[in-house]
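Summary of structural features
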Amino acid sequence: MLSVEPTIIPEVKIVTPRRFGDHRGFFSETYNRQRFIEAGIDTEFVQDNHSLSAAVGTVRGLHFQSEPFAQAKLIRVVRGSILDVAVDIRRSSPTYGRHAAVELSAENGRQLFVPIGFAHGFCTLEPNTEIQYKVSAYYSAANDHGLAWNDPELGIAWPIAPAEAILSDKDSRQPTLAELPAYFS
Ligand SMILES: Cc1cn([C@H]2C[C@H](O)[C@@H](COP(=O)(O)OP(=O)(O)O[C@H]3O[C@H](C)C(=O)[C@H](O)[C@H]3O)O2)c(=O)[nH]c1=O
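Keep in mind that this is a model prediction, so the values were computed, not measured.

Residue placement: Gln111 occurs in strand S10 (residues 111-114). At 2.9 Å, the side chain of Gln111 forms a polar contact with the backbone oxygen of Thr30. Here Gln111 is in contact with Lys13, Ile14, Val15, Pro17, Thr30, Phe36, Leu74, Ile75, Arg76 and Leu104, once residues within four sequence places are set aside.

Okay, structure coming up:
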């Protein structure tokens, strides 16, 4: 019913729920707490989010919330496709500053589990891309922080040139990894 595989950073996981296809289309249990626990993801989510990005090359991120509102996230694409990225910002982690990048799409049905301690963001690969994602802590504007999506130190192979990115004002001026306070030890 559920396939869970590690990415290059083991704590960041690709989750692929089974799809039951027939002549009408398909059915899939996209989240089942018991099955996620059995697969090793015992996270209690409290909020669902949904965003639509109209243009290809829309970049949202890299975002995270600091404690006591730090969030684990479970991201899926319900229309279009994204390159989804998680950057390890846990200072004592052996993979600090490293990232996992995975293509998620409505077609492949893949989800990405991003634990607490990671900055998360994506770039859209198709127009009118919609994502829905679960988070394990409520939104807190005061605890909402970011990391520069195009920080060369991160070495993320985004599918667009910096000048092509469609960004929020906030995301056009996030700190680099070198400038980032130590939010996670
Ligand atoms: C995240 C969030 C935002 N908002 C409000 C705050 C702003 O007035 C408006 C847009 O927020 P923002 O520009 O931060 O939205 P995104 O750029 O899509 O942010 C998200 O993008 C990346 C991919 C993430 O991983 C985070 O979940 C989240 O930060 O929605 C809320 O009311 N609740 C929320 O949980």
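Put simply, the protein has an average pLDDT of 97, and 100% of its residues get 70 or more. Taken together, the chains of this predicted complex give a pTM of 0.97 and an interface ipTM of 0.98.

What follows deals with the UniProt feature "active site" (unreviewed entry) in the protein. The UniProt record annotates "active site" (unreviewed entry) at His63 and Tyr133. Across 71 residues in sequence, these annotated residues keep their C-alpha atoms within 13.6 Å of one another, forming a single compact spot. Within the element layout of this structure, His63 appears in strand S6 (residues 59-65). His63 gets classed as buried once you look at its relative accessible area, which sits at 17%. In this structure the side chain of His63 is engaged in a polar contact, spanning 3.4 Å, whose partner is the backbone nitrogen of Gly61. On the secondary structure map, Tyr133 appears in strand S12 (residues 129-135).

This part covers the pattern of salt bridges. Per the counting criterion, the structure on display carries eight salt bridges. Note that Glu130 and Arg79 form a salt bridge whose closest N and O atoms lie 3.2 Å from each other. Taken together, the residues Glu130 in strand S12 and Arg79 in strand S7 (residues 73-79) connect sequence positions 51 residues apart. Of the residues examined, Arg79 reaches a relative accessible area of 40% and is grouped as partly exposed.

The strand order S9-S8-S11-S6-S13 describes an open sheet built from five strands, whose pairing is antiparallel. Looking at which strands have only one partner, the edges of the open sheet turn out to be strand S9 (99-105) and strand S13 (144-146). Each neighbouring strand pair of the sheet contributes to a mean axis angle of 30°, computed without reference to strand direction. Bridge analysis of S6 against S13 gives three bridges, and the strand direction is antiparallel. Bridge pairing in S13 links Phe64 to His145.

Calculation rules
- Residues numbered from 1 in each chain as written.
- Predicted model: local features only at pLDDT ≥ 70, side-chain atom pairs only at ≥ 80, totals over all residues.
- Heavy atoms only, no water.
- Helix = DSSP H or I, 4+ residues; strand = E, 2+ residues; numbered from the N terminus.
- Polar contact = N/O pair within 3.5 Å; in protein donor to acceptor, adjacent residues only side chain to side chain.
- Contact = heavy atoms within 4.5 Å.
- pLDDT = per-residue confidence, 0-100.
- UniProt positions renumbered as here; feature names shortened; annotations may be inferred.
- Buried < 20%, exposed > 50% of the residue type's maximum accessible area, 1.4 Å probe, protein only.
- Salt bridge = Lys/Arg side-chain N within 4 Å of Asp/Glu carboxyl O.
- Pairing = 2+ DSSP bridges.
- Axes fitted to C-alpha atoms, helices over the stretch in contact; angles between N-to-C directions.

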